[in-house]
Number of protein chains: 2
Amino acid sequence: MTNPITPEWIALDWGTSNLRGWAMQGGAVLDSARSGDGMGNLEKTGFESALTALLAGWNVSPKTPIIACGMVGSRQGWVEAPYRSVPCKPLSESVVRPTSDAFDVRVLPGLRQTTPSDVMRGEETQIAGFLSLNPNWDGVICLPGTHTKWAQVSAGEVVSFETYMTGEMFSLLSTQSVLRHSVGGEDWDAVAFDNSIEEALSKPEKLAARLFSIRADDLLKGTSPEVSRARLSGLLIGAELSAARPYWLGMNIAIIGDTSLATFYARALGNQGVPATIADAARMTLAGLTAAYRHTKDAR
Amino acid sequence: MTNPITPEWIALDWGTSNLRGWAMQGGAVLDSARSGDGMGNLEKTGFESALTALLAGWNVSPKTPIIACGMVGSRQGWVEAPYRSVPCKPLSESVVRPTSDAFDVRVLPGLRQTTPSDVMRGEETQIAGFLSLNPNWDGVICLPGTHTKWAQVSAGEVVSFETYMTGEMFSLLSTQSVLRHSVGGEDWDAVAFDNSIEEALSKPEKLAARLFSIRADDLLKGTSPEVSRARLSGLLIGAELSAARPYWLGMNIAIIGDTSLATFYARALGNQGVPATIADAARMTLAGLTAAYRHTKDAR
């Protein structure tokens, strides 16, 4: 048996559905682990044992610093890390520690906006990661996902942000609504996507009338699943772009997301003449957690 | 044991989720029955036994005429009754009979529209029922439900129609999305509903940005579930009204639906200065099936 890895510190991305950890030495990744023990799948008392299971392969002491971001810090999480109000820097020096004999866990707080009401947990760490790799960057960061965020960033602070349920709507409509019969598979037609984005942007008030036509076109014209799927995606992302127009029109845009989803957003924005940089979500999370670890170390 | 009822004919409303039957004497209801054996819950071979179970309490012979409308006539139903193309009268004299030794079932066809693509099955019978009770009526009929239909009716014909997934979206978002935590219960705030309708109608392009704010307002301001629920309902119905504006603006409107849902639509339209008549959905279905029965009798 080889000696287990002894990390200097642990980075944790603890979201609603998944738990992901990295064994770290400074800014270098020694190893990684993941499980399905997301906040949404755990009882209040289940967090410590979920973490024990995740870290079982590494040599972790009660003094090893563990930096966590995401829904683990929500009211339903392990310990509530109260939201900080924008405008503010994406990373806080104040972290919140859950009660634990086994682990030294420090949970990063999310951000809140009062008018209009909005909240984020986890994305602030990705934004911090992006800014740590791109100092002095000003512009708008789009973070597509289940709940897509658009954040205006200036002078190292998050100034304002807005959340869209586009990913969750796509998931519900494509797997549970009557449209599920028409949008199966993973294939995707680029022309239908572009046209639907354009349709949603030019006539956003008509969106509600377009969704069922995906089903009717399949029934009456035998439209292929890849066209139907791209239309649904294009209509929903187009509706988001319509509402988020003040965030992207004439702005410097970075997209932090999984490659395929980020590419869809970049394509849609590109068609509107707005170029966007893509940054990998997991890499930004890790960079943000690393920046947070350095903060807490410096603060000691 | 009393003698079982011997109906002259049977009226059937056979939808996706439910099966509903009436024992009829001319236009009079002798008795009614219902079950959960909707088309969506049955195998192709299960329709005859589902009908046997529904009619068990009545004296029904293989010669008793049974008139059925709804998804029973879809491709996944008992027998496919091909769509008829609008413009056309809502009722057809040609019905389709499934193979059955036990029953004389006649399935009414639905309607289709080519441009833009759209289909209905069942609502055409409600429209026929409304027109049989209101001869020479011209205007627009709104049929709110899982998939709300707006139909333009003139000179006894359905001229055009449009389908909205509003009911299905409300159901998915209120029970399965992150909003489920905020919109629980059955209570409903009228002022929040009115404001949300107005918001959606005046800025339809902003809708996608409004949905998550229901959750954020709850988290940050403790908005009550009845306000949150009314906002979700108002935003979705408002988005529908925005897209359906050519159907209702300055038109003579009838709403065929369940009382509570029909009342919401009537309230929203009333606030826009558009009065609407409400007609009960089950009553219109029965009137339509009765009109269809008389057609087939006359045609013999």
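Along each chain, the written sequence defines residue order, and numbers are assigned to residues from 1. Naming scheme: in the order in which they are written, chains are lettered from A and ligands are numbered from 1. The predicted origin of the model limits local features to residues at a pLDDT of at least 70 and limits the giving and counting of side-chain atom pairs to 80 or more, whereas totals for whole chains, interfaces and linings rest on all residues. Hydrogens are left out, water is left out, and the side-chain values use all remaining heavy atoms of the structure.

Asker: I'd like a description of the pattern of salt bridges, backed by residues and values.
Answerer: Opposite charge on two side chains permits them to pair, given that their charged atoms come into close proximity. All names here are of chain A. When a carboxyl oxygen of Asp or Glu is within 4 Å of a side-chain nitrogen of Lys or Arg, the pair counts as a salt bridge. One pass over the full model with this rule turns up 16 salt bridges over all chains. The salt bridge partner of Asp194 is Arg267, with a shortest N-O separation of 2.7 Å. One end of the pair, Asp194, is in helix α4 (residues 190–202); the other, Arg267, is in helix α8 (residues 259–271), and 73 residues separate them in sequence. Exposed residues in this analysis have more than 50% of their type's maximum accessible area, buried residues have under 20%, and partly exposed residues fall in between, with area computed by a 1.4 Å probe over protein chains only. Overall, the relative accessible area of 33% leaves Arg267 in the partly exposed class. In this text, helices come from DSSP runs of H or I with a minimum length of four residues, and strands from runs of E with a minimum of two, each type numbered from the N-terminal end.

Asker: Outline the packing of helix α4 (residues 190–202) of chain B against helix α6 (residues 225–243) of chain B, listing residues and values.
Answerer: Residue and element names in this part refer to chain B. Packing of α4 against α6 leaves a shortest axis separation of 7 Å and a crossing angle of 35 degrees. Between α4 and α6 lies a crossing of right-handed hand. For the pair formed by α4 and α6, the contact residues are Ala192, Phe193, Ser196, Ile197, Glu199, Ala200 and Leu201 on the first element and Val227, Ala230, Arg231, Ser233, Gly234, Leu235, Ile237, Gly238, Ala239, Leu241 and Ser242 on the second. Gly counts as polar in this scheme, as do all residues outside two lists: the nonpolar Ala, Val, Leu, Ile, Met, Phe, Trp, Tyr, Cys and Pro, and the charged Asp, Glu, Lys and Arg. Looking at the contact of α4 with α6 residue by residue, the classes come out as eleven nonpolar, five polar and two charged. Whenever a helix is involved, its axis is fitted only over the stretch in contact; in every case the axis is a line through C-alpha atoms, and angles between N-to-C directions fall within 0 to 180 degrees. A crossing counts as left-handed when the near helix is turned anticlockwise from the far one by less than a right angle, and as right-handed when that turn is clockwise. Two residues form a contact once any of their heavy atoms are found within 4.5 Å.

Asker: Describe the relation of the copies chain A and chain B, naming the residues involved and giving the relevant values.
Answerer: Of the transformation superimposing chain A on chain B, the axial component is 0.0 Å and the angular component is 180 degrees, with the fit at an RMSD of 0.0 Å. Overall, the copies show the geometry of a two-fold rotation axis. Here 100% of the contact residues of chain A are again contact residues in chain B; the copies associate through an equivalent surface. Here the copies are matched by least squares. The fit uses the C-alpha atoms of residues with pLDDT of at least 70 in both.

Asker: Lay out the state of the cysteines in plain terms, naming residues and giving numbers.
Answerer: Residue and element names in this part refer to chain A. The definition used for a disulfide is geometric: two cysteine sulfur atoms within 2.5 Å. Under the counting rule described, the total for this entry stands at zero disulfides over all chains. As a non-bridged cysteine, Cys88 has Cys69 as the owner of its nearest cysteine sulfur, 15 Å distant. The class for Cys88 is buried, based on a relative accessible area of 9%. Between Cys142, a cysteine without a disulfide, and Cys69, which holds the nearest cysteine sulfur, the sulfur-to-sulfur distance is 18 Å. You can call Cys142 buried: its relative accessible area is 0%.

Asker: Summarise the domain arrangement of chain A; cite the residues concerned and give the values.
Answerer: Much of the literature gives interface size as the accessible area that the parts lose upon coming together. Assigned domains within chain A: domain 1 (1–82 + 92–109) and domain 2 (122–281). Boundaries of every domain are those given by an automatic assignment or by a domain database. Placing the centre of domain 1 of chain A and that of domain 2 of chain A at their C-alpha centroids yields a distance of 30 Å.

Asker: Just give me the short version of the sheet that holds strand β4 (residues 65–69) of chain B, but keep the residues and values in it.
Answerer: All names here are of chain B. If DSSP finds at least two bridges between two strands, the strands pair. Read across the sheet, five strands follow the order β3-β2-β1-β4-β6 without closing on themselves; strand pairing throughout is mixed. The strands lining the two open edges of the sheet, one partner per strand, are β3 (28–35) and β6 (104–107). Strand after strand, the sheet turns through a mean of 20 degrees between neighbouring axes, direction not considered. One ladder, built from seven bridges, connects strand β2 (residues 19–25) with β3; its direction is antiparallel. When the bridges of β3 are listed, Arg20 appears paired with Arg34. Sitting on the sheet, helix α1 (residues 47–55) is in contact with β1 (9–14), β2, β3, β4 and β6, with an inclination near 120 degrees to β1.

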